[in-house]
Amino acid sequence: MKLSDKELKILSIFIATMGIFLIGSGITMSQSKKTITKINYKLSVSTQKIPEVQAKTNEIILKDIEIEINNPISVNVEDYLVDADKISSSMLKELSKGLDTSQVNITQAGTYKYTITYKKKKYQGTVKVKEKELPNVTFTLKEKRLPTTGTISTNVREYINENISDEIANNIILDLTEVRQHQNIPGKYSYKIIYKDTTYYGDFYILEPVTTGNNESTCPSDATKENNTCVCNDTSKTYDESSNTCK
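Remarks on the sheet that holds strand β6 (residues 173-175)
Part 1 of the reasoning: Ordered by their spatial adjacency, 4 strands build an open sheet running β5-β8-β7-β6, and the pairing between neighbours is mixed. Across the chains shown, the open sheet's two edge strands, defined by having one partner strand only, are β5 (144-147) and β6. For this sheet, the mean inter-axis angle between neighbouring strands, taken without regard to orientation, is 25°.
Part 2 of the reasoning: Judged from the 9 bridges that link them, strand β7 (residues 187-195) and strand β8 (residues 198-207) form a sheet pairing that is antiparallel. Bridge pairing links K192 to Y201 in β8.

Structure (structure tokens):
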């Protein structure tokens with residue numbers, strides 16, 4: 001069908017109008033704001049306790065042990081291990097079987113070896129047995145007197161004013177060297193006692209034996225004559241003339 005000039009003109013206007021409309025719509029859509037999609041990521045961190053058995057260590061380090069003489073030695077293997085609380089109970093049981101302290105002599109001071117054997121491997125430590133710690137004591141010494149004919153006592157208690165235990169007495173060194181060297185020579189001499197590296201000095205008088213009168217009686221063996229009177233060698237005692245004894 002052939003269109004008239006008028007119809008062609010109308011069709012041309014319509015097509016042109018639609019073209020402009022479509023171009024405008026395209027421009028508008030291209031300039032509109034694009035939609036942005038946001039994705040949120042969440043990181044979840046959880047903590048998990050390591051089982052106690054896994055936290056234990058297998059490292060074996062031995063202690064150096066120190067005890068006083070005549071004290072019993074421990075049979076508990078944990079007392080010989082560094083960080084024993086970090087070693088599993090099953091391993092401690094095996095270590096206990098391998099503990100050997102047979103070389104330690106607790107009756108004699110010295111340094112000894114002990115061993116722990118585990119899975120055919122032997123670990124070695126030391127046990128030091130030390131002398132018993134003596135108590136600290138301060139002494140005051142007596143002034144001693146003895147005639148040239150007397151006998152020098154070696155009983156340490158006769159030279160010390162304080163009451164002392166057998167333990168202390170057995171650890172005191174009594175040095176009477178100067179007195180013995182001059183026992184037959186009247187004069188004033190020194191004696192000393194030594195305790196825990198401390199030295200104390202006392203006076204010791206060697207005197208001539210003197211009779212008490214014409215009846216030829218003498219002072220008792222534990223006293224000497226001074227100014228015509230018997231004086232007890234032990235300054236804690238007093239001479240009794242009636243019984244001729246030191247009390």
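Thoughts on the state of the cysteines
Part 1 of the reasoning: Summed over the entire model, instances satisfying the criterion amount to 2 disulfides.
Part 2 of the reasoning: Each sulfur of the disulfide joining C219 and C230 lies 1.8 Å from the other. Measuring the twist about the S-S bond at about -90°, one finds the C219-C230 disulfide to be left-handed. Remark: C230 occurs in strand β10 (residues 229-232) and C219 occurs in the loop between β8 and β9 (223-226); sequence separation between them is 11 residues. Considered together, C219 and C230 belong to a single accessibility category, that of buried residues.
Part 3 of the reasoning: At a sulfur-sulfur separation of 2.1 Å, the disulfide partner of C232 is C246. Residues C232 and C246 are joined by a disulfide whose S-S torsion is about -110°; by sign, that bridge is left-handed. Highlighted residues: C232 in strand β10 and C246 in strand β12 (residues 245-246), separated in sequence by 14 residues.
Part 4 of the reasoning: Since its relative accessible area comes to 4%, C232 is described here as buried.
Part 5 of the reasoning: Of note for the protein chain: the bonded cysteines, numbered N- to C-terminal, pair according to 1-2, 3-4.

Thoughts on the confidence of the model for the protein chain
Part 1 of the reasoning: The predicted model of the protein chain has a mean per-residue pLDDT of 82, with 78% of residues at 70 or higher.
Part 2 of the reasoning: Across the protein chain, β6 holds the top mean pLDDT of 97, while helix α2 (residues 52-55) sits lowest at 44.
Part 3 of the reasoning: Note on residues 43-55: pLDDT under 50 across the span, and 1 contact to partners over four residues away in sequence or across chains.
Part 4 of the reasoning: Every residue in residues 212-216 is under pLDDT 50, and counting partners more than four places away or in other chains gives 6 contacts.

Scoring rules and cut-offs
- One numbering rule holds for all chains: residues counted from 1, following each sequence as written.
- Side-chain atom pairs in this predicted model are given and counted only at pLDDT of 80 or more, local residue features only at pLDDT of at least 70, and totals for whole chains, interfaces and linings cover all residues.
- Each side-chain value is worked out from all heavy atoms of the structure, with water and hydrogens disregarded.
- Whether two strands pair comes down to DSSP finding at least two bridges between them.
- Every helix listed is a DSSP run of H or I at least four residues long, and every strand listed is a run of E at least two residues long, numbered separately from the N terminus.
- Each axis is a line fitted through C-alpha atoms, taken for helices only over the stretch in contact, and angles between the N-to-C directions span 0 to 180 degrees.
- In what follows, a disulfide is any cysteine sulfur pair within 2.5 Å.
- Exposure categories follow from relative accessible area, calculated using a 1.4 Å probe and restricted to protein chains: below 20% of the type maximum is buried, above 50% is exposed, and the middle band is partly exposed.
- Note on scores: pLDDT gives the predictor's confidence for each residue, bounded by 0 and 100.
- Residue contacts are counted whenever heavy atoms from the two residues lie within 4.5 Å of one another.

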